[in-house]
Amino acid sequence: MNKDSYYYYGLGEESLENNEINIAIKYYLKSVRIKRHFKTFERLYECYCKLEQLDLAYFFLQLAYEENTNNDKVAFLYSLCMIEENRKNEAKDILLSIIKRNPNYKKAKIEYEKICN
């Protein structure tokens, strides 16, 4: 059986589901070394958040965003990091791009309005 990036991603998902965070990280890292994918980076972000290792979490979220700037969930999470780092102009731009793509994304609208007030 050919063990491609999706194979390891699946093992990471299974491990994450079982709350085996460190094992999930190993599988996700193996997956992303074979083939970069924004979803894998997003999962690494989630894992490191669970471990409260926020510097690593934000690093992987940035990679997820750079890999796919058009994913609304990743873009929204990334904008929240920008707000937290007091990079509000960048956050505004990201939130506006989400709202333009998806006018029904309520969370993006709420955060955008918070920044503007």
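Criteria and cut-off values
Residues numbered from 1 in each chain as written. Predicted model: local features only at pLDDT ≥ 70, side-chain atom pairs only at ≥ 80, totals over all residues. Heavy atoms only, no water. Helix = DSSP H or I, 4+ residues; strand = E, 2+ residues; numbered from the N terminus. Expected span 1.5 Å × (residues − 1). Buried < 20%, exposed > 50% of the residue type's maximum accessible area, 1.4 Å probe, protein only. Contact = heavy atoms within 4.5 Å. Polar contact = N/O pair within 3.5 Å; in protein donor to acceptor, adjacent residues only side chain to side chain. Phe/Tyr/Trp six-rings, centres within 6.5 Å; stacked < 30°, edge-to-face > 60°. Axes fitted to C-alpha atoms, helices over the stretch in contact; angles between N-to-C directions. Parallel < 35°, antiparallel > 145°, perpendicular 65-115°, else oblique. Left-handed = near helix turned anticlockwise from the far one by under 90°.

Chemist: Residues and numbers for helix 5 (residues 72-84), please.
Modeler: Across its 13 residues, helix 5 extends 18 Å between first and last C-alpha, which sits within 8% of the 18 Å expected from 1.5 Å per residue. Those residues of helix 5 that sit buried are Asp72, Val74, Ala75, Phe76, Leu77, Tyr78, Ser79, Cys81 and Met82. The secondary structure elements touched by the buried residues of helix 5 are helix 3 (38-50), helix 4 (54-67), helix 6 (88-101) and helix 7 (106-116). A side-chain oxygen of the first residue of helix 5 lies 3.2 Å from the backbone nitrogen of Lys73; this N-cap is Asn71.

Chemist: If you had to explain the packing of aromatic side chains to someone new, which residues and values would you point to?
Modeler: The relative placement of two aromatic rings is captured by the distance of their centres and the angle of their planes. Following the criterion strictly, the structure yields 9 aromatic pairs and no others. Ring geometry for Tyr8 and Tyr27: centres 6.5 Å apart, planes at 25°, overall stacked. Here Tyr27 lies in helix 2 (residues 21-34) and Tyr8 lies in helix 1 (residues 5-17), a separation of 19 residues in the sequence. Relative to Tyr28, the ring of Tyr9 has its centre 5.6 Å away and its plane inclined at 50°; by these criteria the two rings are tilted. Residue Tyr9 is located in helix 1, and its partner Tyr28 is located in helix 2; the two are separated by 19 residues in the primary sequence. Accessibility assignment for this pair places Tyr9 and Tyr28 in one class, buried.

Chemist: Residue-level account of the packing of helix 5 against helix 6, with values.
Modeler: The contact between helix 5 and helix 6 brings their axes to 8 Å, and the two run at 160°. Classified by the angle between their axes, helix 5 and helix 6 sit roughly antiparallel to one another. Considering how the two elements wind past one another, helix 5 and helix 6 form a crossing that is left-handed. Between helix 5 and helix 6, the residues in contact are Asp72, Ala75, Phe76, Tyr78, Ser79, Met82 and Ile83 and Lys88, Glu90, Ala91, Ile94, Leu95, Ile98 and Arg101, respectively.

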